[in-house]
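Observations on the model geometry
One-letter residues, chain by chain:
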Amino acid sequence: MTEIKRVGVLGCGLMGSGIAQVAATAGYDTIVRDVSQEIWDRARAGIEKSLTKFVEKGKLAAANRDAALKRLTFTTATADLQGCDIVVEAVTEDLELKNALWKELDGRSGPMTIFASNTSSLTIAAMAAATRRGDRFVGLHFFNPVPLMPLVEVVRTVTTSEETFRRAFAFAQSLGKEPVAAQDNSGFIVNLLLVPYLLDAIRAVEHGVASVPDIDKAMQLGCGYPMGPLTLLDFVGLDTTYKIAEIMFTEYREQRYAPPPLLKRMVLAGLTGRKSGKGFYDYSADPPKVVDLGI
Ligand code: 3HC
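Remember, it's a predicted structure, so these values are computed and weren't measured experimentally.

Attention now goes to the packing of aromatic side chains. Note on aromatic pairs: each is described by the distance of the centres and the angle between the planes. If you walk through the whole model with that rule in mind, you get eight aromatic pairs. Ring centres 5.0 Å apart and planes at 75 degrees place the aromatic pair Trp102 and Phe137 in the edge-to-face group. Of the two residues, Trp102 sits in helix 4 (residues 95-106) while Phe137 sits in strand 6 (residues 137-142), which places them 35 residues apart along the sequence. Given a relative accessible area of 0%, Trp102 falls into the buried group. The exposure class of Phe137 is buried, given its relative accessible area of 0%. Note on Phe115 and Phe137: the rings are 5.9 Å apart at their centroids and 90 degrees apart in plane angle, and the pair reads as edge-to-face.

Here the residue pair Asn144 and Pro145 is connected by a cis peptide bond, since its omega of 0 degrees sits within 30 degrees of zero. Looking at the element boundaries, Pro145 is found in the loop between strand 6 and strand 7 (151-156). Of note, the bond from Asp286 into Pro287 is cis; its omega dihedral lies within 30 degrees of zero at 0 degrees. The phi dihedral of Phe188 falls on the positive side, at around 50 degrees, and the residue is not glycine. Here Phe188 lies in the loop between strand 8 (178-183) and helix 7 (190-206). You can call Phe188 buried: its relative accessible area is 4%. Backbone geometry places Arg253, a non-glycine residue, at a positive phi of 50 degrees. Along the chain, Arg253 turns up in the loop between helix 10 (238-252) and helix 11 (261-268).

Once that is clear, we can look at the side chain of Asn118. Position of Asn118 among the secondary structure elements: in the loop between strand 5 (114-117) and helix 5 (124-128). Residue class for Asn118 comes out buried when judged on its relative accessible area of 6%. Engagement of the side chain of Asn118 in a polar contact is seen with the backbone nitrogen of Phe142, the distance being 2.8 Å. For Asn118, the contacting residues outside a window of four places in its chain are Met15, Ile19, Glu89, Ala90, Leu140, His141 and Phe142.

What follows covers the site of the ligand. Close to the ligand lie 18 residues, the nearest being Ser50, Lys57, Ser120, His141 and Asn144. Between the ligand and Lys57, the relevant distance is 2.7 Å, taken from an oxygen atom to a side-chain nitrogen or oxygen of the residue. Those elements that provide at least two residues to the shell around the ligand are helix 2 (37-56), helix 7 and helix 9 (229-236). It is helix 2 that contributes the most residues to the shell around the ligand, three residues altogether. For the shell around the ligand, the class distribution of residues is 11 nonpolar, five polar and two charged. When residues of the shell around the ligand are assigned to domains, at least three map to each of domain 1 (6-183) and domain 2 (191-287).

Conventions used here
- Residues numbered from 1 in each chain as written.
- Predicted model: local features only at pLDDT ≥ 70, side-chain atom pairs only at ≥ 80, totals over all residues.
- Heavy atoms only, no water.
- Phe/Tyr/Trp six-rings, centres within 6.5 Å; stacked < 30°, edge-to-face > 60°.
- Helix = DSSP H or I, 4+ residues; strand = E, 2+ residues; numbered from the N terminus.
- Buried < 20%, exposed > 50% of the residue type's maximum accessible area, 1.4 Å probe, protein only.
- Polar contact = N/O pair within 3.5 Å; in protein donor to acceptor, adjacent residues only side chain to side chain.
- Contact = heavy atoms within 4.5 Å.
- Near = heavy atom within 4 Å.
- Nonpolar A, V, L, I, M, F, W, Y, C, P; charged D, E, K, R; others polar.
- Domains from an automatic or database assignment.

Take a look at the structure:
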């Protein structure tokens, strides 16, 4: 198996910065591409904060934090990722945008370079088909917050070679993650089951089943979930969830993936969750306050 030494990450939002962090911590030289230095400055500050938390908890030596930070570089030029052995894409759920990046890199990358998408809901086939490396294309789906969540779904599409799948699986393990194998169905395993649950929680709010905090409390204390569904929606991002639901609804044409009207209204109003400071809860207060949605 060809060794992976240099990792490229496309996008440094919530997921991309987490992926870059775990790659650099695992010892890989990691180059991150996004559209502006400002985005990277924010991402890098988040990475440093997260690594420092691990140091404070005694889970990481300070020297290893510093070494990980040194392994991270940033660029706004996609072409700078051409020397990477694996490129993990974590940009927004927009197939055209993703495929434009893949096309730009395809001709420039080496013959053994693996392309891996962290898509939440698009099929890997829809991206692999835009390149000439369908056999070297996989899904590597991480979970938020990436530095803490152990799971990675390693997704094989119809064209993925056995060697690529094995290399990607081993790469996920080398990041200290627990990989599972999934087939290339929109939503893979986790989002196939999680997204209808989250959308149902919004429908429960719409129908006045219970208050926002009581729905959260019920699922936390009744099912042992670490976060209630509405807190989790704020955490993942309502805009992200809306895009995922739209894609899954288009794919399956099943009502359970249809984004509820309240979700759309909240996204339009800028209530996207923690990233904007407000979603189902207002995070400017400590502890966060329930937002009045007029229901
Ligand atoms: N880096 C380092 N440390 C972190 C961190 C990070 N990014 N985020 C949180 N922590 C630390 C906190 O500082 C805290 O430390 P402390 O114990 O010293 O205070 C510790 O982790 C625990 O955090 P909290 O006390 O804030 O809260 P929790 O105990 O609830 O743990 C959690 C946080 C791990 C996020 C937990 O709530 C959880 O597992 N939530 C569910 C997350 C989930 O379901 N994720 C999947 C979303 S779906 C997805 O990503 C797929 C996509 O396609 C949509």
